[in-house]
Amino acid sequence: AALEAVEANRKIAVVGSLDEPIAMMETAYYLRADRLAELPARKQHADIRGFTSWEELLAAAEEDRTLEQVAARVEKYDDRLPALIQRLRDAGEVDESEADVILTTAHKAKGREWDVVWWLQTPPPQWPQQAWEEQQEQNLLYVAATRAIRRLHLLGVAVADEKKDDGLKPPANGTLLKADANAQYAAVIEIDLAEVTEPILACPNDPDDVKILSEVA
């Protein structure tokens, strides 16, 4: 999302730090160009610099979703990537009041609100196995879903991995699904979150039948 924003000439502000993803993409870029030696060691990401070739990284990416996403972005942006990375670094200097887009994680968003929030969930969550992990996951999802004052847009896609039966993962190029140009819908529903004052529940066996809490409690 950050790369797309800067490429679209949006002024972005960052809550927290982008150092980790920037280091991964930059190290992968130099590895692919066979110029890793030109990148100072302090800027090389530990998870990338151990590969001896781009082909080796791609092979590892077949089993690692993070590496898969990094490789996809390096191949997508190619020689445009260094300039975009520099603009990402500069984004840390932009004041939120002057930004078109504010980038944050759910953890960093705690206690904050914005009129409109675009929630990008990728890769899909790995559902926890322990009870305390499940509660922690639910708390974080609640935080992410309640940062919007008026409107929340949920973005994210997942596709089955044909190579191994391990659930769902995002497509390699990270492209979000869009409606078909000729698609017809019975209705387009827009929800103003300012009008939602209590939890909305999906009734058992019929997720299309929803009621507010006071109607069923």
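Data block above holds the structure.
Within each chain, residues carry numbers counting from 1 in the order of the written sequence. Residues qualify for local features only when their pLDDT is at least 70, as the model is predicted, and side-chain atom pairs are given and counted only at 80 or more; totals for whole chains, interfaces and linings, by contrast, use all residues. Where side-chain values are given, they derive from all heavy atoms of the structure, hydrogens and water being excluded.

### Some points on a nonpolar patch on the surface
In step 1: Each patch is built from residues that are more than 30% exposed by relative accessible area and take part in no salt bridge. Like charges join if they lie within 9 Å; nonpolar side chains (Val, Leu, Ile, Met, Phe, Trp, Tyr) join within 5 Å. Using a 1.4 Å probe, the Shrake-Rupley method yields the accessible areas, and only the shown protein chains count as cover for residues. By convention in these notes, a salt bridge is any Lys or Arg side-chain nitrogen within 4 Å of a carboxyl oxygen on Asp or Glu. On the surface, Ile 191, Val 196, Ile 200, Val 210 and Ile 212 cluster together into a nonpolar patch covering about 400 Å² of accessible area.
In step 2: By the secondary structure assignment, Val 210 is in strand 8 (residues 210-212).
In step 3: Only protein chains enter the calculation, and the probe is 1.4 Å; a residue is then buried if its accessible area is under 20% of its type maximum, exposed if over 50%, and partly exposed in between. A residue is classified by how much of its surface remains accessible, and Val 210, at 46% relative accessible area, is partly exposed. Counting from the N terminus, the helices are DSSP H or I runs at least four residues long and the strands are E runs at least two residues long.

### Things to note about the packing of helix 2 (residues 19-32) against helix 5 (residues 65-77)
In step 1: Helix 5 packs onto helix 2 with a crossing angle of 60° between their chain directions and a minimal axis gap of 9 Å. Along this stretch, helix 2 crosses helix 5, giving a crossing that reads as right-handed. Taken together, the residues of helix 5 that come into contact with helix 2 (itself represented by Met 24, Met 25, Ala 28, Tyr 29 and Arg 32) are Thr 66, Leu 67, Val 70, Arg 73, Val 74 and Glu 75.
In step 2: Counted by class, the contact of helix 2 with helix 5 contains 7 nonpolar, 1 polar and 3 charged residues. Here an axis means a line fitted to C-alpha atoms, over the contact stretch when the element is a helix, while the angle between two N-to-C directions is reported on a 0 to 180 degree scale. In a left-handed crossing the near helix is turned counterclockwise from the far helix by less than a right angle, and in a right-handed crossing that turn is clockwise. Here, residues are in contact when the closest pair of their heavy atoms is within 4.5 Å. Residue type decides the class: Asp, Glu, Lys and Arg count as charged, Ala, Val, Leu, Ile, Met, Phe, Trp, Tyr, Cys and Pro as nonpolar, and the leftover types, Gly among them, as polar.

### Concerning the environment of Ala 71
In step 1: Here Ala 71 lies in helix 5.
In step 2: The spacing of Ala 71 and Met 25 is 46 residues in sequence and 7.8 Å in space, taken between C-alpha atoms.
In step 3: Leaving out residues up to four positions away in the same chain, Ala 71 has contacts with Trp 54, Leu 57 and Leu 58.

### Concerning the packing of aromatic side chains
Ring pairs (aromatic) are described by centroid distance and by the angle formed between their planes.
In step 1: Classification of ring pairs rests on two measures: the distance between centres of Phe, Tyr or Trp rings, Trp counted by its six-membered ring, which must be within 6.5 Å, and the angle between planes, read as stacked under 30 degrees, edge-to-face over 60 and tilted in between. According to the stated counting rule, one finds 1 aromatic pair in the structure shown.
In step 2: Here Tyr 29 and Tyr 30 contribute two aromatic rings whose centre-to-centre distance is 5.5 Å and whose plane-to-plane angle is 90°, an arrangement assigned as edge-to-face. As far as burial versus exposure is concerned, Tyr 29 and Tyr 30 are alike and both buried.

### Topic: the packing of helix 4 (residues 54-61) against helix 5
In step 1: Two numbers describe how helix 4 lies on helix 5: the axes approach to 8 Å, and their chain directions differ by 135°. One finds that helix 4 runs oblique with respect to helix 5. As helix 4 packs across helix 5, the resulting crossing turns out to be left-handed. Of helix 5, the residues touching helix 4 (which contributes Trp 54, Leu 57, Leu 58, Ala 60 and Ala 61) are Leu 67, Glu 68, Ala 71, Val 74 and Glu 75.
In step 2: Split into classes, the residues belonging to the contact of helix 4 with helix 5 amount to 8 nonpolar, no polar and 2 charged. Roughly parallel covers angles under 35 degrees, roughly antiparallel covers those over 145, roughly perpendicular covers 65 to 115, and oblique covers all other angles.

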